[in-house]
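Examination of the molecular architecture
Okay, here's what each chain looks like letter by letter:
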Amino acid sequence: MERIAVCPGSFDPVTKGHLDIITRASNLFDRVIVLVSKNMMKTNECFTPQERKDLILRVTESLPNVVVDVYDGLLANYVRSVGAIAIVKGLRAVSDFEYEFQMALANRELYSGAETVFLTTTAENMYLSSSVVKQIAAFGGDISHSIPPEILSVVEKRLMKEKLS
């Protein structure tokens, strides 16, 4: 039986921290579905869901067991529909855990067929989030240490364009 995990997030844009969690998850599961999903708390989107999917596809090209999808419904429903046994979430700090723990309990209540697996970030990515990257770029800062090189120019161009708007 194939062990499928879903790694959900907004990925706006995908960072080296995201890629680290995806890569490590790909070593634990037979297939990892990176799911671009809507976060109702985030309204400042820079990339469309399809653009985010395309960026993730570019940075995961070397990971043959990783696929990328877009979904805007309940995560538990998606996880059930693809037969996944796990939801993989990355944690940077204790503050992430509180929110993610609540979400894990809610997902478990909605669908008990999948466990939430938490992977802690590496030390060099502890500060990293899409929001931090957007803020650094908005002030003309260097984001090359935060964004995978395959997509850096695309992300810089978009975030600089957002700054000019």
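The structure displayed is predicted, hence computed values, not measured ones.

Attention shifts here to helix 4 (residues 94-110). Compared with the 24 Å implied by 1.5 Å per residue over 17 residues, the 25 Å span of helix 4 between its first and last C-alpha is a close match. Among the residues of helix 4, Asp 96, Glu 100, Ala 104 and Asn 107 are the ones counted as buried. The secondary structure elements touched by the buried residues of helix 4 are helix 3 (75-82), strand 4 (86-91) and strand 5 (115-120).

We now examine the pattern of salt bridges. In the structure shown here, the tally under the stated rule is ten salt bridges. A salt bridge links Asp 12 to Lys 134; the shortest N-O distance between them is 3.1 Å. On the criterion of sequence distance, the pair formed by Asp 12 in the loop between strand 1 (4-9) and helix 1 (16-28) and Lys 134 in helix 5 (residues 130-138) is long-range, its members being 122 residues apart. For the pair shown, Asp 12 and Lys 134 are each scored as buried.

This model, assessed by the stated rule, comprises three aromatic pairs. Centre to centre, the rings of Phe 97 and Phe 118 are 5.6 Å apart; their planes meet at 65°, and the pair counts as edge-to-face. Of this pair, Phe 97 sits in helix 4 while Phe 118 sits in strand 5; the two residues are 21 residues apart in sequence, bridging distant segments of the chain. Taken together, the aromatic side chains of Phe 97, Phe 101 and Phe 118 make up a single cluster linked through ring pairs.

Conventions used here
Residues numbered from 1 in each chain as written. Predicted model: local features only at pLDDT ≥ 70, side-chain atom pairs only at ≥ 80, totals over all residues. Heavy atoms only, no water. Helix = DSSP H or I, 4+ residues; strand = E, 2+ residues; numbered from the N terminus. Expected span 1.5 Å × (residues − 1). Buried < 20%, exposed > 50% of the residue type's maximum accessible area, 1.4 Å probe, protein only. Contact = heavy atoms within 4.5 Å. Salt bridge = Lys/Arg side-chain N within 4 Å of Asp/Glu carboxyl O. Phe/Tyr/Trp six-rings, centres within 6.5 Å; stacked < 30°, edge-to-face > 60°.

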